[in-house]
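The primary structure of each chain is shown beneath.
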Amino acid sequence: MEFAAQTIELTALSGEPVKVHLVSTGAVTVKTKFRETKRTGLLAMIAFMLDSKFTEWMPIWVMIIEHPDGVFVIDTGENANVNDRGYFRSSGIFANWFDTTQFKFKVAREEEIDRQLRSLHIPVERIKAVLLTHLHLDHADGLRHFPRTPVIVNKAEWQRPFGDLPKLYPSWFKPVLAELKEKYDVFDHAYYVTQAKDIVLVQTPGHTWHHCSVILATRECHIFFGADICYEQRQITNDKYSGTNASHQMAMDTYAKVRSFCSRQKTVFIPSHEAAAAGRLKNLQYV
Ligand SMILES: [Zn+2]
């Protein structure tokens, strides 16, 4: 496996132990200007489509939280069928072209989330809920392994998705739609997943219109699973943006909020596709 799994043990706000695992469900590479460009909107799209260079292989992280209330799986990663010819054909001509030319995947069957959970000795029955940060394929393609688990999705993201491929969803997929009516620190739209309010879904838009992150509060620090807010933590601190945002303005606002949050709390920040995030989790290296 290209990206080694990482596990750390922390203390929940209740004083009980909480375990956090980061596992990669394969690898992905994207056009370099897809990951970062000075342009925005349509110009950014044209820039990365004309770009012939790909990035190094990047992980597709899934975060698993063994919490006193149960196990929570954040995103579901990719599946090995993504390598099949014709995987995207049902999604139409444009999606088929886009998804086979602008990025590439490398996923082995044993890297899929069900096998990773088995390696961690976590039976699917122990999983209280799957939380999806957004509906992109490399976050939702592992859904097939959770036919009987509640899957929580931001209602606003479900109602106005951006770049999702619904033809690839399992036929039974019917998420629990969360309304993000709470406020959490600087985030105006939040949803408390646990009674103790220590796992929170917060709206961090830009990449999609209602993209979410998941924040775990512990006695030691906060673990901030930022999904696709950015590709690398330094993009937030250096104000560098990806070429694929639904809204550049929203992405700028989200960056400012994440910077503000992290300046006041000890926070380990984990983007879905940054290899270095595993080391930061292991060493509790804060933003
Ligand atoms: Zn995405």
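Provided above is the structure to which this section pertains.
Read on for a plain summary of the structure. (Residues numbered from 1 in each chain as written. Predicted model: local features only at pLDDT ≥ 70, side-chain atom pairs only at ≥ 80, totals over all residues. Heavy atoms only, no water.)

## Quick word on helix α3 (residues 93–101)
The periodicity of an α-helix, 3.6 residues per turn, causes residues three or four positions apart to be oriented the same way.
Point 1. Of all the residues in α3, the buried ones are Ala95, Phe98 and Asp99. Each buried residue of α3 sits inside an arc of 90° when the element is viewed along its axis, so together they form one side. (Buried < 20%, exposed > 50% of the residue type's maximum accessible area, 1.4 Å probe, protein only. Helix = DSSP H or I, 4+ residues; strand = E, 2+ residues; numbered from the N terminus. Arc of directions from axis to C-beta.)

## Observations regarding the coordination of the zinc ion
Point 1. Binding of the zinc ion to the protein goes through His134 (NE2), His136 (ND1), His207 (NE2) and Asp228 (OD), at separations of 2.1 to 2.2 Å.
Point 2. In primary-sequence terms, the residues that donate to the zinc ion follow H-x1-H-x70-H-x20-D. Of this pair, histidine 136 sits in the loop between β6 (127–131) and α5 (137–140) while aspartate 228 is found in the loop between β13 (222–227) and α7 (233–238), placing the two residues 92 residues apart along the sequence.
Point 3. The class for aspartate 228 is buried, based on a relative accessible area of 5%. (Donors = N, O, S within 2.8 Å, 3.2 Å for Na, K, Ca; no water.)

## A short note on the sheet that holds strand β10 (residues 187–192)
Point 1. Taken together, six strands build an open sheet; the order of strands is β9-β10-β11-β12-β13-β14 and the sheet is mixed. Looking at strand neighbours, the two that pair on one side only are β9 (182–184) and β14 (267–271), the edges of this open sheet. Neighbour-to-neighbour, the strand axes of this sheet turn through a mean angle of 35°, independent of strand direction.
Point 2. When β10 meets strand β11 (residues 199–203), the two strands line up antiparallel, connected through three bridges. When the bridges of β11 are listed, tyrosine 191 appears paired with leucine 201.
Point 3. Running at roughly 70° to β10, helix α8 (residues 248–264) makes contact with β9, β10, β12 (212–217), β13 and β14 of the sheet. (Pairing = 2+ DSSP bridges. Axes fitted to C-alpha atoms, helices over the stretch in contact; angles between N-to-C directions. Contact = heavy atoms within 4.5 Å.)

## Details of the environment of histidine 210
Point 1. For histidine 210, the location among the structural elements is in the loop between β11 and β12.
Point 2. On the basis of relative accessible area, histidine 210 is assigned to the buried category, the value being 18%.
Point 3. Once residues lying within four places of it in the same chain are set aside, the contact partners of histidine 210 are Asn154, Ala156, Glu157, Arg160, Gln203 and Pro205.

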